[in-house]
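# Working through the structure, step by step
The chain contents come next:
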Amino acid sequence: MIAAGQTVIDPVLERVKTGIEAFDDLVMGGLPRGRTTIVGGTPGSGKTVFATQFLAHGITDLHEPGVFVTFEESPGEIEVNMASFGWNIRRWREQNKLVFVDASPKDRDEIVVGDFDLAGLLARILHAARSANAKRVVLDSLTQLFDHFVADQTTVRRELLRVAGALKKEGLTVLMTAERNSEYGDISRHRIEEFVADNVVILRNALDKERRRRTIEVLKMRGSRHVEGEVPITLVENRGLVAVPLSSLRLEQQSSTKRVTSGNAELDRMTNGGFFRDSVSLVSGATGTGKTLLVTNFLAGGVAASEKALLVGYEESRGQLFRNARGWGVDFEAMEAQGLLKVICLYPEAQSLPDHLLTIQQLVEEFKPDRLAVDSLSALERIAGETGFREFLIGLTSFIKKREIAGLCTATNKSLIGGQSASEQHISTLTDAIILLRYIQEHDMMHRGLMVLKMRGSEHDKHIRRFTIDGKGMHLGEHFTTAPDVFGDAAAADQTR
């Protein structure tokens, strides 16, 4: 198995790049040239987008014209449906860079092509390919072809194998789409792949806890290595289909020894000089314990050191965050005016987790911050299942570390006096530092306590420190001498990992 994100170019097979971001890494540089790939998926999984993007990349980036054979939608419908991804299909047709072979049914009761003989269709495809000097051919969707030849499926398979063989002899790289009946059943409804496919790619759009989770899987790549398992994907306007591989599995990022301030001098002393430059730290605590305050200090500390800081908020609006900062003596408006701070607030349910990850990556690429804070992960946790959420966390933490950005994330405990949040369970092994904030009852008084539970690669203060919050921010005091074991669950869980 090859780790996601690890590009290994096969020295024997020539590769054809698909233009599907990060997917080519999964197949060692692209699809093998001159071979046939089946892309299977349930309705709405993105098969036609995949196919169109494959052709679009060849036309716009590699000067490779293409042929689109459509058995389902008309060319006009495809032009309209694909326009939102930034593909000007009409212009390509006018320039003879993309040629359509329209085999779509004009009437649902009409047989698409000749009576169990695809010779006529093959002749049309070859003529289109030669006239445009095409290098790529898409057949979308073979399921529609089979549905019109219910009487003799064996003959259709034989004819389809003949078509695929003829196209390969022409040196064309062929991509065929086929529908599936279920996300984890047969590869295609009519078992086409057994007869014509050198490679098999599966697109899924599975329902996971009342939400859809899109993935792509390279099931088969004849004579070539590929990344195994499902990889998250998403559809992005003006970009098309984007894969989001778990690149952190490579674990190749460097480890910096440079320290950066947390924004609180006493917390810096507790962490033996502050956070590492390329580290990701987690602040976990119940509501009201001061998580957003620590984020504010973290951002302000960076700006004070002339560093650029980015805050992505998922729980509070910009107005609330700016008001809270003013209440602690921090002027976010002035920091933004200096060009050193950028605050973006997003509604978690507005998009999927892969989309949120891509949004954060785009913000980082554009703003180029030295620090990144995400407040809070718990808000994002509610919009995805366990697998999808952990994939997001792996992608986020690996991206932060690769960019050598100081990252700080928050997670909210459901219990006011302790326990471990689900977010904390998922991210604790991925973070370099964990700071726990808890309410601690002492006699008839409720106090706040702070503990540095984990500081990877560094010594740190092991005490539970009292702290108070006022108009000037957080003030750490003496440690508790007889505090209840409200940190025990989280500490024990972390020690077992």
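Check the entry above for the structure.
These numbers come from a predicted model, not from an experiment.

## Details of unusual backbone geometry
Peptide bonds are trans in most cases, and residues, glycine excluded, mostly fall at negative phi. S141 follows D140 through a cis peptide bond whose omega is -5°. With respect to the helices and strands, the residue S141 is situated in the loop between β6 (136-140) and α6 (142-147). Backbone geometry places N272, a non-glycine residue, at a positive phi of 65°. Considering the arrangement of structural elements, one finds N272 in the loop between α9 (265-270) and β13 (275-276). When its relative accessible area of 47% is taken as the criterion, N272 is described as partly exposed. You will see that E404, though not glycine, has its phi angle at about 55°, which is positive.

## Considering the sheet that holds strand β15 (residues 309-313)
Pairing between the strands of a sheet comes from backbone hydrogen bonds, and it takes one of two forms, parallel or antiparallel. Read across the open sheet, the nine strands follow the order β16-β15-β17-β18-β14-β19-β20-β21-β22; overall the sheet is mixed. The strands lining the two open edges of the sheet, one partner per strand, are β16 (341-345) and β22 (473-479). Here the strands of the sheet are splayed against their neighbours by 25° on average, with no regard to which way each runs. Note that strand β17 (residues 371-375) and strand β18 (residues 406-412) share four bridges and pair parallel.

## Focus on the nonpolar core
I360, L372, L377, F392 and L396 are the most contacted members of the largest nonpolar core, which totals 40 residues. Residues within four places of I360 in sequence aside, it is in contact with V312, Y314, L372, F392 and L396.

## Structural notes on the pattern of salt bridges
Counting across every chain of the model gives 27 salt bridges. Here R465 and E266 are joined by a salt bridge, their closest N and O atoms 3.0 Å apart. Remark: E266 occurs in helix α9 and R465 occurs in strand β21 (residues 465-470); sequence separation between them is 199 residues. Between E336 and R318 there is a salt bridge, with the nearest N and O atoms lying 3.0 Å from each other. On the criterion of sequence distance, the pair formed by E336 in helix α12 (residues 332-337) and R318 in helix α11 (residues 318-327) is long-range, its members being 18 residues apart. Accessibility expressed as a relative area gives 25% for E336, which makes it partly exposed. Overlapping salt bridges bring together E14, R33, E64 and R136 as one network.

## Describing the packing of aromatic side chains
Inspection of the entire model under this criterion finds five aromatic pairs. Taking the centre distance of 5.4 Å and the plane angle of 80° together, the rings of F322 and F332 count as edge-to-face. Of the two residues, F322 sits in helix α11 while F332 sits in helix α12, which places them ten residues apart along the sequence. With relative accessibility at 1%, the residue F332 sits in the buried group. Between R136 and the ring centre of F54, over which it is positioned, the NZ or CZ distance is 4.7 Å.

Conventions adopted
- Residues numbered from 1 in each chain as written.
- Predicted model: local features only at pLDDT ≥ 70, side-chain atom pairs only at ≥ 80, totals over all residues.
- Heavy atoms only, no water.
- Helix = DSSP H or I, 4+ residues; strand = E, 2+ residues; numbered from the N terminus.
- Buried < 20%, exposed > 50% of the residue type's maximum accessible area, 1.4 Å probe, protein only.
- Pairing = 2+ DSSP bridges.
- Axes fitted to C-alpha atoms, helices over the stretch in contact; angles between N-to-C directions.
- Core = buried A, V, L, I, M, F, W, Y, C linked by side-chain atoms within 4.5 Å.
- Contact = heavy atoms within 4.5 Å.
- Salt bridge = Lys/Arg side-chain N within 4 Å of Asp/Glu carboxyl O.
- Phe/Tyr/Trp six-rings, centres within 6.5 Å; stacked < 30°, edge-to-face > 60°.
- Lys NZ or Arg CZ within 6 Å of the ring centre and 35° of its normal.

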